[in-house]
Amino acid sequence: MTTVDPAPPPPMRLRELVFGAACAAAVRAAARLGVADALGDTPMTVEDLAAEVKTEPRTLRRLLRALSCQGVFTEQPDGAFAHTEMSRLLREDDPHSLRYIALWCTEPWTWDVWPKLDEAVRSGRNVFEDVYEREFFSYLNEEAPESAHVFNRAMTTSSRQSAEDVAELLDLRGAASVADIGGGQGHVLASLLEKHPALHGTLLDLPAVVGNADPRLREGGSLAPRVRIQPGDCREDVPVQADVYVIKNILEWDDDSTRRLLANVRKAARPGARVVVIENLVDDTPSMRFTTAMDLLLLLNVGGAKHTRQSMVERLTDAGLVIGEIRPVNAYLHAFECTVPA
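Now for a description of the structure that goes with this document.

Reading guide: rules and limits
- Residues numbered from 1 in each chain as written.
- Predicted model: local features only at pLDDT ≥ 70, side-chain atom pairs only at ≥ 80, totals over all residues.
- Heavy atoms only, no water.
- Core = buried A, V, L, I, M, F, W, Y, C linked by side-chain atoms within 4.5 Å.
- Buried < 20%, exposed > 50% of the residue type's maximum accessible area, 1.4 Å probe, protein only.
- Helix = DSSP H or I, 4+ residues; strand = E, 2+ residues; numbered from the N terminus.
- Contact = heavy atoms within 4.5 Å.
- Phe/Tyr/Trp six-rings, centres within 6.5 Å; stacked < 30°, edge-to-face > 60°.
- Lys NZ or Arg CZ within 6 Å of the ring centre and 35° of its normal.
- Polar contact = N/O pair within 3.5 Å; in protein donor to acceptor, adjacent residues only side chain to side chain.
- Pairing = 2+ DSSP bridges.
- Axes fitted to C-alpha atoms, helices over the stretch in contact; angles between N-to-C directions.
- Right-handed = clockwise from strand over helix to strand, strands pointing away.

1. Some details on the nonpolar core
Point 1. Residues Leu60, Phe73, Trp109 and Leu140 are the most contacted members of the largest nonpolar core, which totals 42 residues.
Point 2. For this core, the leading source of residues is helix α7 (residues 99-104), giving five residues.
Point 3. Beyond its immediate sequence surroundings of up to four residues, Trp109 is in contact with Trp104, Phe128, Tyr132, Phe136, Leu140, Ser147, Leu297 and Asn301.
Point 4. Core analysis: the next-biggest nonpolar cluster, separate from the first, contains 28 residues, Ala268, Ala273, Val313 and Cys338 among them.

This is the structure:
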């Protein structure tokens, strides 16, 4: 029977940390093999699981034991394996599934760039272009379609799961219009419109992105009569006037892109308009291990960065916005409530 280890002494903890790649690889392997999907509500023997996912039983047991030590699956006294709260998140049909996020964070290119983190720290720039000789998103879309698909599914999953939290947090009573800037497929916008039946909205993002917008927003969708889908690059222009602008998880590019986007919103917005910026922070958050890891991955692939509370405040203030309340959205997101001055 495999059990989760108690907190180890520092020498063993450091040994565990340097084997962190093994843990990530084990989660990825389980996701790719579909182990969580094959395992139902009743514990299963390794032999039965192996038959379902077409693996060797002995090596599957080794994988499951490694994961059980981390609380992903649990081994029963009779040697069968059962789900845990974490392992269920690897199921594709779980409403809170993290399967595609787990795959995205362990995609093949990540194993090529993580060993070069020291170079990125020395230079302060991404190393992805040194390894692959092209910009990150160009590589994904032109050379790695499977990875691009995983990225899109991961971003969709993340957006859907946080959209309801954002809609619950924001009080839009009294507002007639909302603009989701760089809003991807528009899951946040859809949640806001569903909560506020009198509200009208605009989704602004790149043409290829909004072309695949949430079906509720597209022609024939339940929210379509109240929606304008606006293709465009928010770093170049924000041709939208609204009472409320929502900017979620896109101010982590390079500083120049961030400045341009905020300047474009400031230019488009009427005095008194609200600007709500929603971001992960690398301080003042209960999810520090997650956000600081994502911060390093952003450095490696695009040269971007997650923000501290202070760095976000500085960028919003430099853009001429008046910052009001700063509130947590959930365990890993914060909302910065701002207004456009007269």
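2. Some words on the packing of aromatic side chains
For any two aromatic rings, the description comes down to two numbers: the centre-to-centre distance and the angle of the planes.
Point 1. What the rule picks out here adds up to 12 aromatic pairs.
Point 2. Consider the rings of Trp109 and Phe128, whose centres lie 5.9 Å apart with planes at 80°: the pair is edge-to-face. A residue pair is termed long-range when its members are at least 10 positions apart, and Trp109 in helix α8 (residues 108-113) and Phe128 in helix α10 (residues 128-132) qualify at 19 residues.
Point 3. Owing to a relative accessible area of 2%, Trp109 belongs among the buried residues under this scheme.
Point 4. Among the aromatic side chains, those forming a connected cluster through ring pairs are Trp104, Trp109, Phe128, Tyr132, Phe136, Phe137, Tyr139 and Phe151.
Point 5. We note Arg99 situated over the ring of Tyr100; from NZ or CZ to the ring centre the distance is 5.2 Å.

3. Focus: the side chain of Thr106
Point 1. By the element assignment, Thr106 lies in the loop between α7 and α8.
Point 2. Here Ala102 takes part through its backbone oxygen, which lies 2.8 Å from a polar atom of the side chain of Thr106.
Point 3. What Thr106 contacts, discounting residues up to four positions off in sequence, is Ala24, Arg28 and Trp111.

4. A few points about helix α17 (residues 309-318)
Point 1. Within α17, burial applies to Ser311, Met312, Val313 and Leu316.
Point 2. Where α17 is buried, its residues touch α15 (255-268), β7 (274-279), β8 (322-328) and β9 (334-339).
Point 3. Just past α17, the residue Gly320 takes up positive phi, approximately 85°.

5. Remarks on the sheet that holds β7
Point 1. Here seven strands make up an open sheet; going across it, the order is β5-β4-β3-β6-β7-β9-β8 and the pairing mixed. The two strands at the open ends of the sheet, each matched to only one other strand, are β5 (227-231) and β8. The mean angle between the axes of side-by-side strands here comes to 20°, regardless of whether they run parallel or antiparallel.
Point 2. As paired strands, β7 and β9 are joined by six bridges and run antiparallel to one another. Residue Ile278 lies in a different strand from β9, and its bridge partner there is Ala335.
Point 3. Helix α12 (residues 145-169) contacts β6 (244-248), β7, β8 and β9 of the sheet and is inclined by roughly 145° relative to β6.
Point 4. Packing against the sheet, α17 makes contact with β7, β8 and β9, and its axis sits at approximately 25° to β9.

6. What to know about helix α13 (residues 187-195)
The periodicity of an α-helix, 3.6 residues per turn, causes residues three or four places apart in sequence to face the same way.
Point 1. For α13, the tally of buried residues reaches seven of nine residues, placing the bulk of the element in the interior.
Point 2. Buried residues of α13: His187, Val188, Leu189, Ala190, Ser191, Leu192 and Leu193, and no others.

7. A short note on the pairing of strand β3 (residues 177-181)
Point 1. Burial of β3 is extensive: five of the five residues sit out of reach of the surface.
Point 2. Of the two faces of β3, the one lined by Ser177, Ala179 and Ile181 and the one lined by Val178 and Asp180 are each fully buried.
Point 3. Pairing analysis gives five bridges linking β3 to strand β4 (residues 200-205), with the strands arranged parallel. Residue Asp180 lies in a different strand from β4, and its bridge partner there is Leu203.
Point 4. Crossover connection from β3 via α13 to parallel β4: handedness right-handed.
Point 5. Inspection of the sheet shows β3 paired to β6 by four bridges, in the parallel sense. Among the inter-strand pairings, Ile181 is bridged to a residue of β6, identified as Ile247.

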